Amino acid sequence: MRLYERFGDSGFHSCITTSFGIDFDAYENIALPRLRGAGCSNNMLLVDERMLTYALDGASLLPEHAGRYYTVTGIQPKTVFHPKVVLQLGRRGGRAIISSANMTASGLAGNLELAGLVSCTQEAEGEARLVAATWEYLSSLLSGEGQALNHQLEWLRARTPWLFDTEPAADVVSLADGSGAALLRSSGNGSAAGIGTRFTNLIDGERVERLVVLSPYWDDDLAALAALVSSLAPKKLAILIDRNTELFPAQAAKALPDVEIYDLNTFGKSRFIHAKAIVAETDWADHVLFGSANCTAAALGTGNYAGANHEACLYRRLPAGSTLASLGLAKIIEEGTAVHPDELPAYRKEQELPLAEAAQRAPGQFECAFDTVYWCPPSALPDHTEIELLDAAENLLPVQLTPLTGSQTRRYFRMSGVRARPAFARLRLADGTTSALAVVSVVDSLREIVRDARGKKAESAAVALSEETEEGLWLWEVLNELETVELARQEEPSGKRPRRSDDKDQKSEGHRKLDYDSFIAGRQLRSDEHGAERNSLAGSDLSLVRNFLNRVLTIGDDGRDTGLPDEDAIVRGLDLRDETGDGAAALEQGDAFATSPDAAEEAAGAEEQRRKAARARATREQIVQAVTALNGRLKTKIESGALGSIDVLRLRAMLMIVAAAGQPAKAKGIPGGLQVLALSNDPDGWPKLMGQLLFAFFGGNRPAIRCLQIEAVHDMLPDDVLECWVTSLWSVQACVCAARQEKAMQPHTLSVLTALAAQIYARAGLTAQEFSGETFAMIFAKLNERFCERLRIPSTEIDQVHGRMLKALHPTYTPPAG
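In this report, the structure presented in the accompanying data block is examined. (Residues numbered from 1 in each chain as written. Predicted model: local features only at pLDDT ≥ 70, side-chain atom pairs only at ≥ 80, totals over all residues. Heavy atoms only, no water.)

We now examine the sheet that holds strand β10 (residues 236–241). Sheet architecture is open: eight strands sit in the order β7-β8-β14-β13-β12-β9-β10-β11, paired in mixed fashion. Each edge of the open sheet carries a strand with a single partner, namely β7 (173–174) and β11 (259–263). The strands that helix α5 (residues 125–140) touches are β7, β8 (180–187) and β14 (310–319); relative to β8, the one it contacts most, it runs at about 5°. Along the sheet face, helix α8 (residues 223–232) touches β9 (208–214), β10 and β12 (277–282) and points at about 170° away from the line of β9. (Pairing = 2+ DSSP bridges. Helix = DSSP H or I, 4+ residues; strand = E, 2+ residues; numbered from the N terminus. Contact = heavy atoms within 4.5 Å. Axes fitted to C-alpha atoms, helices over the stretch in contact; angles between N-to-C directions.)

Written out as structure tokens, the structure is:
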């Protein structure tokens, strides 16, 4: 197979890749675009820690997207972390690719490599058990405190329920084609038999007619090969090498019985042959081992020695005589001429990589969550070191780090003075020298990037949201569609099989949820320089609804000029003040600026008015039903004790829908054709509907806000929640001001709304600093711009009432400048 092409296969949401060495340019330009293009957004890269430091210290081009679009984690073995595994998981299946290829340009496209793929659906028992065994192995490597990685793993678990209902294969399993397979791995801890010993045990006493071994690297004394020969006692031994590399100790081969050496130089066509394989041919089957392990004692072990490296290999039991032919190697052995050891060039031992030096230059592991930097320092930390943060171009960021409470193994710092997110970190030592760089994983960026591929429903919703410019009940329908999709995605494992203790279902600190009062009590206070956006809807298509609400208010990036004409300006331009006093209503009603209509035209006009009135009544009834449904939903959520970000978004959306549908006092007809809710004391008047929504969430003895759950990963109130609180406060003040215009709402309804306003201000729990912050003031002003004119409520009156209530709640409150 062409390994790099497999990354473009669809059907997977997560991919975990392991490698000894890393070439970031190759991963980010070959693998990552294909993965993301195929809908796989949850990508994790595991690399030998010293090789990771070596790459970041100049051996590789620096990454552009690490820590933001994927995580890269250094694994710390006692010797070498050497497996080459690609595990891809989806909702209905997965696959494991076990190979000899590193995540480098030569590994992906240059060398001659060997890979095997095991693909499964939920129903494919043997294959699924192998994939589950691969997950069990990789997840055992990922036990850490990193918020970014923990989020990725928890996201994966929630979307791969079949994986946790599948018993991992502990031995050989039968595959659908009748062959057998097993994952053989080693952890380098010496506690189990080595891969070589387990491989020979699987042959189970069958007489080995021929043993074929392919490897680019060998022991100086061929110890691992000798152990295989001693255990299997093959009639023939065939060794496949590339003589031009000078990496085979030919003289040591003379001690092996019945050995034949074959040169693969012409087979490889000048490509470096990095493949590793062992084929034990018997009369019954071909027993094949391939993967990351070279034919060395460190990789395979020898006898009672389990080996030193972390390795991963795939064992396959295939039809007798099929393997060499399928690999194109049969002719090399059967028709080629064996090379005598004396004909081979002198053995040139491979130059060792400076791994020890790399380990000494490692600065530790870094994460950034909003304004907090997390650092796991290296074990040998020099005294008087300082952390330096850099951007993607390696420019030093002028950031101040204030130490917070932490531990010796994980230290926390508050970052201030810079809005840019760090890409790299390093240590400056007491003598002025610096360590190697480390990638900074940006937790909030990864939470936004790791998301499900959009299905047809979500894509349709995205199109609708991008095309619309007015709030309406269509938005409620879109929200329902997106929530249905979201809940289906978050399906939990069905629990057919008892969970293993190593499934790691424990919630990390970053994913623990707090009730609203507890969160508010412990949060960091917001400021106008609070850095990265905090979005509790991150990674969800529900953010599309939030983006739409911000776009119509011209907030943030979505508020940039869309190229749409100003509809109000068009209406003003059409109002010539001669034929009609209401150009907008005339335009909606289809009036023609012509001579007096005849009787037929008058009848048609009257019929159109009846149809418009009927549509308005239907829309009004639908809005009332939606408000009732939301209130019922909140009651149910109160009983269960858990509201989430979706409920906050629903409240904000419905408040803006009602505001957009509201009529001003003494409205005649149906202004603009959209405003169908009267300013009245009736149950379907817009102030009453807003009041019902706000009371359900903030009022009474059991307000819904008390049950709101916010993830502890957020150090400040998330922006989307703050946007809803501002909308709620603006809405209740709009209701109060409207009630002052409508005599029927005085004094009872007005006093009820005023008391409700006081409850909302208090229960939102915001400080005077947060109320006077730039973000709060900007959203409040945008709501004034959006709705005050159409509701004919003076924005100055809303601002004055708002200011008085804040002054009563926070005597130290100072209105923002301007």
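Running from N to C, helix α26 (residues 748–763) and helix α29 (residues 795–809) point in directions that differ by 55°, and their axes come no closer than 11 Å. Considering the angle they form, α26 stands oblique to α29. Helix-helix and strand crossings are classified by hand; for α26 and α29 the assignment is right-handed. Two secondary-structure elements touch here, α26 through Thr-754, Ala-757, Ala-758, Tyr-761 and Ala-762 and α29 through His-802, Met-805, Leu-806 and Leu-809. Taken together, the residues that form the contact of α26 with α29 break down as seven nonpolar, two polar and no charged. (Parallel < 35°, antiparallel > 145°, perpendicular 65-115°, else oblique. Left-handed = near helix turned anticlockwise from the far one by under 90°. Nonpolar A, V, L, I, M, F, W, Y, C, P; charged D, E, K, R; others polar.)

Most of strand β17 (residues 386–390) sits inside the fold, with four of its five residues counted as buried. Across five bridges, β17 lies against strand β20 (residues 424–428) in antiparallel orientation. Bridge pairing in β20 links Glu-388 to Arg-426. (Buried < 20%, exposed > 50% of the residue type's maximum accessible area, 1.4 Å probe, protein only.)

Turning our attention to the packing of aromatic side chains. With the rule as written, the count across this model stands at 16 aromatic pairs. Centroid distance Phe-366 to Trp-375: 5.9 Å. Interplanar angle 10°. Geometry classified as stacked. The exposure class of Trp-375 is buried, given its relative accessible area of 3%. Counting every residue linked through ring pairs, the aromatic cluster contains Tyr-516, Phe-697, Phe-698 and Trp-725. Its guanidinium or amino end placed over the ring of Trp-476, Arg-650 lies 4.7 Å from that ring's centre, counting from NZ or CZ. (Phe/Tyr/Trp six-rings, centres within 6.5 Å; stacked < 30°, edge-to-face > 60°. Lys NZ or Arg CZ within 6 Å of the ring centre and 35° of its normal.)

Grouped together as the largest cluster of nonpolar side chains are 99 residues, with contacts concentrated most on Val-658, Trp-686, Phe-697, Leu-717, Trp-725 and Trp-730. The greatest single-element share of this core, amounting to 14 residues, is contributed by helix α25 (residues 719–741). Those residues within four positions of Trp-686 in sequence are excluded, and the remaining contacts are Val-658, Gly-662, Gln-663, Leu-677, Ala-678, Leu-679, Ala-734, Cys-735, Ala-738, Leu-791 and Ile-793. Judged by nonpolar contacts, the second largest core, of 55 residues, contains Ile-98, Leu-114, Ala-124 and Ala-181. (Core = buried A, V, L, I, M, F, W, Y, C linked by side-chain atoms within 4.5 Å.)

For the rest of this paragraph, the subject is the side chain of Ser-731. Within the element layout of this structure, Ser-731 appears in helix α25. Since its relative accessible area comes to 1%, Ser-731 is described here as buried. Those residues within four positions of Ser-731 in sequence are excluded, and the remaining contacts are Leu-655, Met-690 and Leu-694.

Turning our attention to helix α19 (residues 543–552). Where burial is concerned, most of α19 is hidden: nine out of the 10 residues are buried. Where α19 is concerned, the buried positions are Ser-543, Leu-544, Val-545, Arg-546, Phe-548, Leu-549, Asn-550, Arg-551 and Val-552.

Before going further, it helps to examine the pattern of salt bridges. Inspection of the entire model under this criterion finds 34 salt bridges. Of the charged contacts in the structure, one is a salt bridge between Arg-95 and Asp-9, with a shortest N-O distance of 2.9 Å. In this pair, Arg-95 is assigned in strand β5 (residues 93–99) and Asp-9 in the loop between α1 (3–6) and β1 (14–19), connecting sequence segments 86 residues apart. In this structure Asp-9 comes out as partly exposed when scored by relative accessible area, which is 23%. When the shortest N-O distance is used, the salt bridge between Arg-50 and Asp-48 registers 3.7 Å. On the basis of relative accessibility, which here comes to 0%, the residue Asp-48 falls in the buried class. (Salt bridge = Lys/Arg side-chain N within 4 Å of Asp/Glu carboxyl O.)

For the rest of this paragraph, the subject is unusual backbone geometry. Leave glycine aside and you will find that most residues have negative phi; peptide bonds, for their part, are mostly trans. Across the junction of Gln-746 and Pro-747, the peptide omega takes the value -5°, indicating a cis bond. The topology assignment puts Pro-747 in the loop between α25 and α26. For Leu-222, which is not a glycine, the phi torsion comes out positive at approximately 55°. Along the chain, Leu-222 falls in the loop between β9 and α8. In this structure Leu-222 comes out as buried when scored by relative accessible area, which is 1%.

Most of β5 sits inside the fold, with seven of its seven residues counted as buried. Burial along β5 is two-sided: Gly-93, Arg-95, Ile-97 and Ser-99 facing one way and Gly-94, Ala-96 and Ile-98 facing the other are all buried. The hairpin turn running from strand β4 (residues 85–89) into β5, its antiparallel successor, is three residues long.

What follows deals with the sheet that holds β17. Spatially, seven strands are ordered β17-β20-β21-β15-β16-β19-β18 in an open sheet, and the strand pairing comes out mixed. Pairing within the sheet leaves two strands with one partner each, and these edge strands are β17 and β18 (400–403). Along the sheet, successive strands turn relative to each other by an average axial angle of 30°, direction set aside. Running at roughly 75° to strand β15 (residues 365–369), helix α6 (residues 147–158) makes contact with β15, β16 (372–376) and β21 (438–442) of the sheet.

All right, on to the environment of Leu-184 then. Positionally, Leu-184 belongs in strand β8. Looking at Leu-184, the relative accessible area reads 6%, which means it is buried. Ignoring anything within four residues of it in the chain, the contact list for Leu-184 reads Ile-195, Arg-198, Phe-199, Leu-202, Leu-289, Glu-311, Ala-312, Cys-313 and Tyr-315.

The subject of this paragraph is the side chain of Ser-441. Relative to the helices and strands, Ser-441 is located in strand β21. Residue Ser-441 is classed as buried on the basis of its relative accessible area, which comes to 9%. Aside from chain neighbours lying at most four places away, what touches Ser-441 is Gly-67, Thr-71, Ala-148, Phe-366, Glu-367, Cys-368 and Leu-446.

Across the interface, helix α23 (residues 645–661) lies against helix α28 (residues 774–791) with an axial gap of 9 Å and an inter-helix angle of 35°. Contacts between α23 and α28 pair Met-656, Ala-659 and Ala-660 from the former with Phe-787, Arg-790 and Leu-791 from the latter.

On to the environment of Ile-261. Mapping Ile-261 onto the fold places it in strand β11. The class for Ile-261 is buried, based on a relative accessible area of 2%. Expressed as a C-alpha distance, the spacing of Ile-261 and Val-339, which sit 78 residues apart in the sequence, is 5.3 Å. The residues contacting Ile-261, other than those within four sequence positions of it, are Ile-239, Ile-241, Phe-248, Ala-253, Thr-337, Ala-338, Val-339, Pro-341 and Leu-344.

Function-wise, these values are silent; they only describe arrangement.
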